Amino acid sequence: MLIKKLILIATLCFTITPRAYANFDNAETQKAYFELGYESVYDSLERSNMYFKHEIHLPVQIPPIPFTHVVGMLNKHEDRNNSTLEIEYINQNGSPYGITIFPLKSKVQLSELDSNAKIFTLKDGSKAGYITKPPNFKMINHFYFEKNGWQYLFRVHPEVSNVITPELLVEIADSIK
């Protein structure tokens, strides 16, 4: 009787247990990003908060597409105001979505893009711009706004712009506290 129970348990374990297979592409992707200086989002956010001496808040909401990795990197420049925090959301097709955060005092004034942008209003009353084919930015769509002393630039690959719409980007921006 005990042998039958053990056989039944073993059979159930081997037939019901989900299998996890190594995906070398994912490991290689992570390694490549880490070799470029990226690290965990938590570590890059902590490093950025200490570097800028001003807390950065990330969106709570993310786009509804699958990501295999999320990495971050603090890009330091001689002029601290031109340093950035970059967050990359990666899947098997590359990086379809990313966030770059600049100090408000940055020489990169995203509001200069307003003439080419569709303007949206966030819950706090501030304005956000969405550009589908910005000049000098290749073909990536951009959504930008200011919040809490920072300039945020969301980058959306055109292949996922049917899912990551400007209206969704407004919701994501509004999820930053």
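The sections below set out a description of the structure shown in this document. (Residues numbered from 1 in each chain as written. Predicted model: local features only at pLDDT ≥ 70, side-chain atom pairs only at ≥ 80, totals over all residues. Heavy atoms only, no water.)

### A closer look at the environment of Ser115
Argument step 1. By the element assignment, Ser115 lies in the loop between strand S4 (94-103) and strand S5 (118-121).
Argument step 2. C-alpha of Ser115 to C-alpha of Gly129: the two residues are 14 residues apart in sequence and 9.4 Å apart in space. (Helix = DSSP H or I, 4+ residues; strand = E, 2+ residues; numbered from the N terminus.)

### Let's talk about the packing of aromatic side chains
Argument step 1. The final tally for this structure, using the stated rule, is twelve aromatic pairs.
Argument step 2. On the basis of an interplanar angle of 50° and a centroid distance of 5.0 Å, the ring pair of Tyr89 and Tyr97 is categorised as tilted. Comparing Tyr89 with Tyr97 shows no difference in burial state: the two are buried.
Argument step 3. Considering the side-chain rings of Phe145 and Tyr152, the 5.1 Å spacing of their centres and the 5° angle between planes classify their relative orientation as stacked. No difference in accessibility class separates Phe145 from Tyr152, as the two residues are buried. (Phe/Tyr/Trp six-rings, centres within 6.5 Å; stacked < 30°, edge-to-face > 60°. Buried < 20%, exposed > 50% of the residue type's maximum accessible area, 1.4 Å probe, protein only.)

### A word on the side chain of Asn141
Argument step 1. For Asn141, the position within the fold is in strand S7 (residues 141-147).
Argument step 2. On the basis of relative accessibility, which here comes to 5%, the residue Asn141 falls in the buried class.

### Comments concerning the pattern of salt bridges
Note that side chains of opposite charge can pair when their charged atoms are close.
Argument step 1. Considering all chains together, one arrives at four salt bridges under this definition.
Argument step 2. Between Lys31 and Glu35 there is a salt bridge whose closest N-O contact spans 3.9 Å. You can see Lys31 and its partner Glu35 sitting in helix H2 (residues 24-35), four residues apart, about one turn around the helix. The same class applies to Lys31 and to Glu35, which are both exposed.
Argument step 3. Between Asp124 and Lys147 there is a salt bridge, with the nearest N and O atoms lying 3.9 Å from each other. Here Lys147 lies in strand S7 and Asp124 lies in the loop between S5 and strand S6 (127-131), a separation of 23 residues in the sequence.
Argument step 4. The exposure class assigned to Lys147 is buried, which follows from its relative accessible area of 11%. (Salt bridge = Lys/Arg side-chain N within 4 Å of Asp/Glu carboxyl O.)

Shape descriptors only; they carry no functional weight alone.
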